[in-house]
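Summary of the model geometry
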Amino acid sequence: MRTVEWPERESFIAHLDRLKKSRGFRYDIALAEAAEISHSAISNWRSGKQRPSLAAIGKLAAALDVDQRDLAARAGVAEGFTHASMPTQLPPELETLFDQYQTADPSRRDELLQRVAWVSEWFDATTSKAGDERPRRAG
């Protein structure tokens, strides 16, 4: 079996499986039909025979209701975009956070974003700025 060089394959397939499950697709064939791509394409990705094309990523993203740039970055095929929404290699904790956001219902997404905003504000408030002698404290 001929395989292609695709270092992101395992993490992309795992992410695709989580999205597929969270969106109610039990089988790859159902996802393929919804995305209007061939089932053999997904099978070839799983086996390492091919990488997804940007066109296939776009159709998958639409079927799964996720950001196309994020999915392309995770698949390692984001070269076609001037800016990917995220780097392809993140710490596992941030990967989990992105997965939780993408698989959550809208109200849980809003709650998660509020908590992320709090962390961001805390980080900014406790990070030393140029000229500061010590970190500032959040109130």
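All of the points below concern the structure found in this document. Please read these numbers as outputs of a predicted model, since none were measured by experiment. Counting restarts for each chain: residues are numbered from 1 in the order of the written sequence. Selection of residues for local features in this predicted model requires a pLDDT of at least 70, selection of side-chain atom pairs for listing and counting requires 80 or more, and totals for whole chains, interfaces and linings are taken over all residues. Each side-chain value is worked out from all heavy atoms of the structure, with water and hydrogens disregarded.

Our next topic: the overall build of the protein. In this text, helices come from DSSP runs of H or I with a minimum length of four residues, and strands from runs of E with a minimum of two, each type numbered from the N-terminal end. Helix and strand counts for the protein come out as 7 helices and 0 strands. When its helices and strands are written in sequence order, the protein yields α-α-α-α-α-α-α. When burial is assessed residue by residue, the protein has 31% of its 139 residues classed as buried. Contacts are residue-level and defined by heavy atoms, with any inter-residue pair within 4.5 Å sufficient. Sequence separation of at least 24 residues holds for 49% of the intrachain contacts in the protein that already meet a minimum separation of 6. When the accessible surface of the protein is split by element, carbon and sulfur atoms take 52% of a total near 9200 Å². The rule is simple: take the accessible area with a 1.4 Å probe, protein chains only, and divide by the maximum for that residue type; under 20% is buried, over 50% is exposed, in between is partly exposed. With residues, only the protein chains shown are counted as cover, and all accessible areas are computed by Shrake-Rupley using a 1.4 Å probe.

With axes taken as lines fitted to C-alpha atoms, and helix axes fitted only over the stretch in contact, angles between N-to-C directions fall between 0 and 180 degrees. Relative orientation of the contacting elements helix 6 (residues 92–103) and helix 7 (residues 106–126) amounts to 145 degrees, with a least axis distance of 9 Å. Judged by the sense of rotation from one axis to the other, the crossing of helix 6 with helix 7 is left-handed. Across from Leu 97, Gln 100, Tyr 101 and Gln 102 in helix 6, the residues of helix 7 making contact are Arg 109, Leu 112, Leu 113 and Val 116. Amino acids outside the nonpolar list (Ala, Val, Leu, Ile, Met, Phe, Trp, Tyr, Cys, Pro) and the charged list (Asp, Glu, Lys, Arg) are all regarded as polar, and Gly is one of them. Residue composition of the contact of helix 6 with helix 7, by class: 5 nonpolar, 2 polar and 1 charged. Left-handed describes a crossing in which the near helix is turned anticlockwise from the far one by less than a right angle; the clockwise case is right-handed.

This part takes up the side chain of Lys 20. Along the chain, Lys 20 falls in helix 1 (residues 9–22). When near neighbours in sequence (up to four residues on either side) are disregarded, Lys 20 contacts Phe 25, Arg 26, Tyr 27, Asp 28, Leu 31, Arg 46 and Leu 64.

Bringing the pattern of salt bridges into the picture now. Every case where a carboxyl oxygen of Asp or Glu lies within 4 Å of a side-chain nitrogen of Lys or Arg is listed as a salt bridge. For the structure on display, the rule yields 8 salt bridges. Arg 46 serves as the salt-bridge partner of Asp 28, at 2.6 Å between the closest nitrogen and oxygen. Of this pair, Asp 28 sits in helix 2 (residues 28–35) while Arg 46 is found in helix 3 (residues 39–47), placing the two residues 18 residues apart along the sequence. Assessed through its relative accessible area of 11%, Asp 28 is described here as buried. By relative accessible area, Arg 46 is classed as partly exposed at 28%. Glu 111 serves as the salt-bridge partner of Arg 115, at 3.3 Å between the closest nitrogen and oxygen. A residue pair is termed a helical-turn pair when its members lie 3 or 4 positions apart in one helix, as Arg 115 and Glu 111 do in helix 7 at 4 residues. Overall, the relative accessible area of 56% leaves Arg 115 in the exposed class. On the basis of relative accessible area, Glu 111 is assigned to the partly exposed category, the value being 30%.

For this analysis, a ring pair means two rings from Phe, Tyr or Trp (six-membered ring only for Trp) whose centres lie within 6.5 Å, classed as stacked if their planes differ by under 30 degrees, edge-to-face if by over 60, and tilted for the remaining angles. Across all of its chains, the model carries 3 aromatic pairs by this definition. Ring centres 6.3 Å apart and planes at 70 degrees place the aromatic pair Phe 12 and Trp 45 in the edge-to-face group. Of this pair, Phe 12 sits in helix 1 while Trp 45 sits in helix 3; the two residues are 33 residues apart in sequence, bridging distant segments of the chain. Trp 45 shares its class with Phe 12; the two are buried. Taken together, Trp 6, Phe 12 and Trp 45 form an aromatic cluster joined through their ring pairs.

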